[in-house]
Each structure stands twice: as C-alpha cells, then as structure tokens.
Amino acid sequence: MNSIIIINGPNLNLLGRREPEIYGKVSFEEYLNELELRFPNLPLIYHQSNHEGAIIDWLHEYGFSPHGIILNAGALTHTSIAIADAIKAITTPVAEVHLSDLSKRESFRQKNYLTDCCVFSVQGMGLEGYAIAVDYFLAFTQGKSRVDYTAD
Ligand code: DQA
C-alpha cells in the first residue's frame with residue numbers, strides 16, 4: 001500500500017457546519033491533520049468534489065495503482081450507477097465510509113449502489129470511520145475480501 005486516496009463527495013466540504021447533530025462539528029481538514037499525525041508514514045491524498053464526474057475521474061486516475069481508495073460519495077451513494085461502474089472498472093480496492101448509520105436513516109438512503117462494489121464498508125462511526133478504513137487497508141492489503149463494520 002503506497003498511499004491512501006480519500007475521495008469525498010457532495011456537501012462533505014461543509015463538514016463541521018453542515019447538520020452538526022448528524023455529521024459532527026469537526027471539518028474534514030481538521031480531521032485530516034489528525035489522521036496524518038496518526039499515520040505519519042502513510043501518504044494521504046485528499047480530494048473532495050460536489051460533481052459526480054470529478055469523482056469518476058479520480059477513480060480512473062488512481063484506480064490502477066498500488067493504493068487504497070477511501071470513498072464517501074455522500075448522496076451519490078444512493079443514486080450513482082456511474083460511480084458503481086467506475087469502482088467495478090478499476091483494480092485498486094475501494095473502501096466505503098459513511099459518517100452516519102444509513103440503516104437508521106430515511107428510506108431513500110437505504111438504496112446503496114456502491115456498497116457491493118467495495119471491499120470494506122464502515123458507517124455510523126463519524127469521522128473515525130476514515131481511520132477504521134485506513135486500518136483496514138493496512139491490515140488486509142491482500143485480496144479483495146469484503147468486510148462490513150457498523151456501530152452495532
Ligand atoms: C453520508 C450519508 C449520505 O446519505 C448523505 O447524503 C451524505 C453523507 C454520510 O457520510 O453519512 O452526504 O454519506
């Protein structure tokens with residue numbers, strides 16, 4: 001595992017300010033500083049976009065490299081067959097993170113086009129889910145066997 005690529009989707013640039021009762025009061029940039037201190041020997045490359053195509057372009061760019069990709073596609077999780085196809089098209093493993101526990105939320109969040117294409121899924125752990133996904137990649141760099149990690 002050379003590097004971890006973190007890709008965040010729509011509205012996740014507003015973490016810390018956006019619905020803090022659901023997503024918390026810490027911005028992703030603040031949390032990323034903490035992650036870098038926790039994993040000093042592992043380069044973390046961070047991208048965020050509110051645009052589906054940009055996310056697909058990054059999946060293609062990093063998707064044939066010896067990295068691990070952590071993806072929180074935000075609401076696109078529930079709508080995007082195109083992102084699901086991109087994850088299936090690439091060889092780099094993708095771990096899915098959601099701050100909230102989707103199973104306890106609205107019915108429209110129960111549809112998830114991405115989870116079956118990912119090697120790992122963590123939800124309901126807040127920002128800590130990203131560290132759990134990094135740990136997954138550090139521990140299970142062989143193969144694409146799937147693991148699910150939920151709060152309960
Ligand atoms: C989210 C959950 C999505 O349903 C929502 O649209 C988001 C954030 C999460 O991290 O809990 O934008 O992906």
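On a predicted model such as this, the values are computed, not experimentally measured, just so you know.

1. Points about the overall build of the protein
Reasoning step 1: Helix and strand counts for the protein stand at 5 helices and 6 strands.
Reasoning step 2: Secondary structure of the protein in N-to-C order comes out as β-α-α-β-α-β-α-β-β-α-β.
Reasoning step 3: Relative to the compact-globule value of 15 Å for 152 residues, the protein shows a C-alpha radius of gyration of 14 Å, a close match.
Reasoning step 4: Projected onto its principal axes, the C-alpha positions of the protein cover 35 × 35 × 30 Å.
Reasoning step 5: Contacts in the protein between residues far apart in sequence, at least 24 positions, make up 76% of those at least 6 positions apart.

2. What to know about helix H4 (residues 81–89)
Residues separated by three or four positions in an α-helix point in the same direction, a consequence of the helix having 3.6 residues per turn.
Reasoning step 1: Taken together, the buried positions of H4 are occupied by Ile 83, Ala 86 and Ile 87. Seen from one end, H4 has its buried residues packed into an arc of 100°, which puts them on one side. Exposed side of H4, more than 90 degrees from the buried face: Ile 81 and Lys 88 are the residues found there.
Reasoning step 2: Of the surrounding secondary structure, the elements contacted by the buried residues of H4 are helix H3 (52–62) and strand S4 (94–98).

3. Describing the environment of Ile 22
Reasoning step 1: Mapped onto the elements of the fold, Ile 22 is located in helix H1 (residues 20–23).
Reasoning step 2: Under the C-beta neighbour-count criterion, Ile 22 is labelled exposed, with 10 such atoms within 10 Å.
Reasoning step 3: Each C-alpha atom of the pair Ile 22 and Gly 124 lies 9.8 Å from the other, and the pair is 102 residues apart in sequence.

4. Considerations on unusual backbone geometry
Reasoning step 1: At Asn 11, a position not held by glycine, the phi torsion is positive, near 75°.
Reasoning step 2: You can see Asn 11 is positioned in the loop between strand S1 (4–8) and H1.
Reasoning step 3: A residue is classified by how many C-beta atoms lie within 10 Å of it, and Asn 11, with 14 of them, is partly exposed.
Reasoning step 4: Not every positive phi belongs to a glycine, and Glu 19 is a case in point at roughly 35°.
Reasoning step 5: For Glu 19, the location among the structural elements is in the loop between S1 and H1.

5. Here's the deal with the nonpolar core
Reasoning step 1: Residues Ile 69, Ile 70, Ile 83, Ala 95 and Ala 133 are the most contacted members of the largest nonpolar core, which totals 34 residues.
Reasoning step 2: Those elements that provide at least two residues to this core are S1, H3, strand S3 (68–72), H4, S4, strand S5 (120–123) and helix H5 (128–139).
Reasoning step 3: Setting aside anything within four residues of it in sequence, one finds Ala 95 in contact with Gly 68, Ile 70, Cys 118, Val 119, Phe 120, Ala 133, Tyr 136 and Phe 137.

Each value, and the rule that gives it
Residues numbered from 1 in each chain as written. Predicted model: local features only at pLDDT ≥ 70, side-chain atom pairs only at ≥ 80, totals over all residues. Helix = DSSP H or I, 4+ residues; strand = E, 2+ residues; numbered from the N terminus. Rg over C-alpha atoms; globule rule 2.2 N^0.38 Å. Contact = placed C-beta atoms within 7 Å. Buried ≥ 20, exposed ≤ 12 C-beta atoms within 10 Å, placed from the backbone. Arc of directions from axis to C-beta. Core = buried A, V, L, I, M, F, W, Y, C linked by C-beta atoms within 7 Å.

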